[in-house]
Amino acid sequence: MKKIKGRYQNKDRRVIDREYMSYEDVPIEDYRDEEPIPKNLTKKFLKVFLILFISVVVVLALTNINSLTPDNISHWFQYDLLGKTEGDGYPIKYNGTNVKAQNFELMESCPVYCSDTTFAVLNSNAGLYQEAQHSFANPSMNVNAGYSLIYNINATGYKIINREKIIRSSSAKGKIFCADISKNGVYALLTEGKDYLSQLIVYRNDNLEKYRYNFADYYVNRVALNSDGSRAVLSGVSAKNGGLVSVIYILDFSQENYLQKYEVEDRIIYDVKYLNSGNVIAVGESSAYYINVNDNKKTDIPYNSRVLTNYALDREDGLLLSLSQNPDGKECDVIMINNRGEQIASISTGKSIQSMDYRNNRIAILFTDSLCLYSMNGDVLSTVQSEIGTKKICFYSDSTLYTLGKSQISQVKMNLK
């Protein structure tokens, strides 16, 4: 059949005028796209797309080169690219009857908690990366980069987890007082010693023993590792001349003897942290202490008769202190000490403070009935109501936080003014 000026002619038929035609009567080649995309243009488009894709991958790789481990690459492919464990969104009820404030953290932006019965790692939409039960009577948890170390205080059990799995589940030889893990997987267990008051044992990330140190004169009960697991800061107490004396040790795992030692009389030290800057911060009963390790210099940061009601230590940013003008813990001031030992913020709130966190020159403060975001000069940037009984807050982004409540974990977005 061929087309002649809008008419169709067949050898056996007359010319038939048609106002409309059916595609059933037209050869396939006659109703294809009149202007198909040139093959060379398609190839050029694919080349440009491929170049842009590779460029983006290279930029992301260069900016996150320290995080390009096989586990992280596998995690990105399974969970971010393929959308595994999507979740139904926050808030989400946690398993167990109670989660202590110190047992709720972010592990590489993923909320991780350890309750009295369960530990779990969540994604940004409340999906489960992993969840498992434990039998620890008094669990405690420390998080660093992509690792969480969960241990049983005054018992021997401990577990090391990442986002997807339990890396190690084992028992110490003595009861564990405290433990910590570095961002490269080196971990330390501070335990009771057979012939000593305390014993520190440090393990490489392949679980082989790296270092051991015994304490005969002090009951050492706090430990924190530096970023690469080559040093540690520890604190403890002892009796001296009828009074109390606290001690801060700094150990270098390449040396048999301690690197530095500082004594503080008649004062209890609650916590210590080895900063990523290479220096050390300690939180005490009536003062905080900043130690410049290279200069072997300790600087006291007095509370000036105010009562310590809360604090937040961070390896990268430093120390947040909540100091009350009254013994009842109300009318609190928030003090920020950065990783160089400098006071960079002082905010008077006039309220009781439950929790604090810091990110990119913003301080989030949790009160009994509200959550406020402050600038460094004390201006209120945003305020939202908080769930009664909320225990802790953790920054996820500059305007989004995770909160730990009585029975659930929530995600709170702050509307900036």
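Residues numbered from 1 in each chain as written. Predicted model: local features only at pLDDT ≥ 70, side-chain atom pairs only at ≥ 80, totals over all residues. Heavy atoms only, no water.

Chemist: Would you mind going over the sheet that holds strand E4 (residues 92–93) with me for this structure?
Modeler: Ordered by their spatial adjacency, four strands build an open sheet running E4-E35-E34-E33, and the pairing between neighbours is antiparallel. Of all the strands in the sheet, the pair left with one neighbour each is E4 and strand E33 (392–397). Sheet topology places E4 next to strand E35 (residues 408–413); two bridges connect them, and they run antiparallel. Looking at E35, one finds that lysine 93 is bridged to glutamine 408. (Pairing = 2+ DSSP bridges. Helix = DSSP H or I, 4+ residues; strand = E, 2+ residues; numbered from the N terminus.)

Chemist: Please explain the nonpolar core as it appears in this structure.
Modeler: Side chains of a nonpolar character, in soluble globular proteins, are inclined to be buried together. Core analysis: the biggest nonpolar cluster contains 32 residues, and Leu200, Phe215 and Leu234 have the highest contact counts within it. Those residues in contact with leucine 200, other than ones at most four positions away along the chain, are Ala188, Leu189, Leu190, Tyr211, Arg212, Tyr213, Phe215, Val223, Leu234, Leu251 and Phe253. Within the second largest apolar cluster, 16 residues are counted, among which are Cys332, Ile353, Tyr358 and Ile363. (Core = buried A, V, L, I, M, F, W, Y, C linked by side-chain atoms within 4.5 Å. Buried < 20%, exposed > 50% of the residue type's maximum accessible area, 1.4 Å probe, protein only. Contact = heavy atoms within 4.5 Å.)

Chemist: Teacher, can you tell me more about unusual backbone geometry here?
Modeler: A negative phi angle characterises most non-glycine residues, just as the trans form characterises most peptide bonds. The peptide bond linking tyrosine 90 to proline 91 adopts the cis configuration, its omega dihedral lying at 5°. Looking at the secondary structure, you find proline 91 in the loop between helix H2 (70–81) and E4. The phi dihedral of asparagine 361 is positive, around 65°, even though this residue is not glycine. Along the chain, asparagine 361 falls in the loop between strand E29 (355–359) and strand E30 (362–366).

Chemist: Even after reading the chapter, I still don't get the packing of aromatic side chains, so can you show me in this structure?
Modeler: Geometry of an aromatic ring pair is reported as the spacing of the ring centres plus the angle between the planes. The tally for this structure, following the rule as stated, stands at twelve aromatic pairs. Ring geometry for tyrosine 211 versus tyrosine 213: centroids 6.5 Å apart, planes at 15°, classification stacked. In terms of burial, tyrosine 211 and tyrosine 213 fall into one category: buried. The ring of phenylalanine 367 is capped by lysine 351, whose NZ or CZ atom sits 4.8 Å from the centre of that ring. (Phe/Tyr/Trp six-rings, centres within 6.5 Å; stacked < 30°, edge-to-face > 60°. Lys NZ or Arg CZ within 6 Å of the ring centre and 35° of its normal.)

Chemist: Can you walk me through the side chain of aspartate 180 in this structure?
Modeler: Structurally, aspartate 180 is set in strand E13 (residues 176–181). A polar atom in the side chain of aspartate 180 sits 2.8 Å from the backbone nitrogen of leucine 225. A distance of 3.2 Å separates polar atoms of two side chains, one belonging to aspartate 180 and the other to arginine 315. Residue contacts for aspartate 180: discarding those within four places in its chain leaves Asn142, Leu149, Val186, Tyr187, Ala188, Val223, Ala224, Leu225 and Arg315. (Polar contact = N/O pair within 3.5 Å; in protein donor to acceptor, adjacent residues only side chain to side chain.)

Chemist: I tried to follow the pattern of salt bridges on my own but got confused; where do I start?
Modeler: For the structure shown, the criterion picks out 13 salt bridges. A salt bridge links arginine 306 to aspartate 333; the shortest N-O distance between them is 3.2 Å. One end of the pair, arginine 306, is in the loop between strand E24 (297–302) and strand E25 (307–314); the other, aspartate 333, is in strand E27 (residues 332–337), with 27 residues separating them in the sequence. The buried category is assigned to arginine 306, whose relative accessible area is 18%. Connected via shared salt-bridge partners are Lys240, Glu263 and Glu265. (Salt bridge = Lys/Arg side-chain N within 4 Å of Asp/Glu carboxyl O.)

Chemist: Help me understand the sheet that holds strand E17 (residues 219–225), please; the structure alone is not making it clear to me.
Modeler: Backbone hydrogen bonds are what pair the strands of a sheet, in a parallel or an antiparallel way. If you trace the four strands from one edge of the open sheet to the other, you get E17-E18-E19-E20, paired in antiparallel fashion. Where the open sheet ends on each side, the last strands, each with one partner, are E17 and strand E20 (260–265). Neighbouring strand axes in the sheet, compared pairwise and without regard to direction, differ in orientation by 20° on average. Bridge analysis of E17 against strand E18 (residues 231–240) gives six bridges, and the strand direction is antiparallel. In the strand pairing of E18, alanine 224 is matched with valine 233. (Axes fitted to C-alpha atoms, helices over the stretch in contact; angles between N-to-C directions.)

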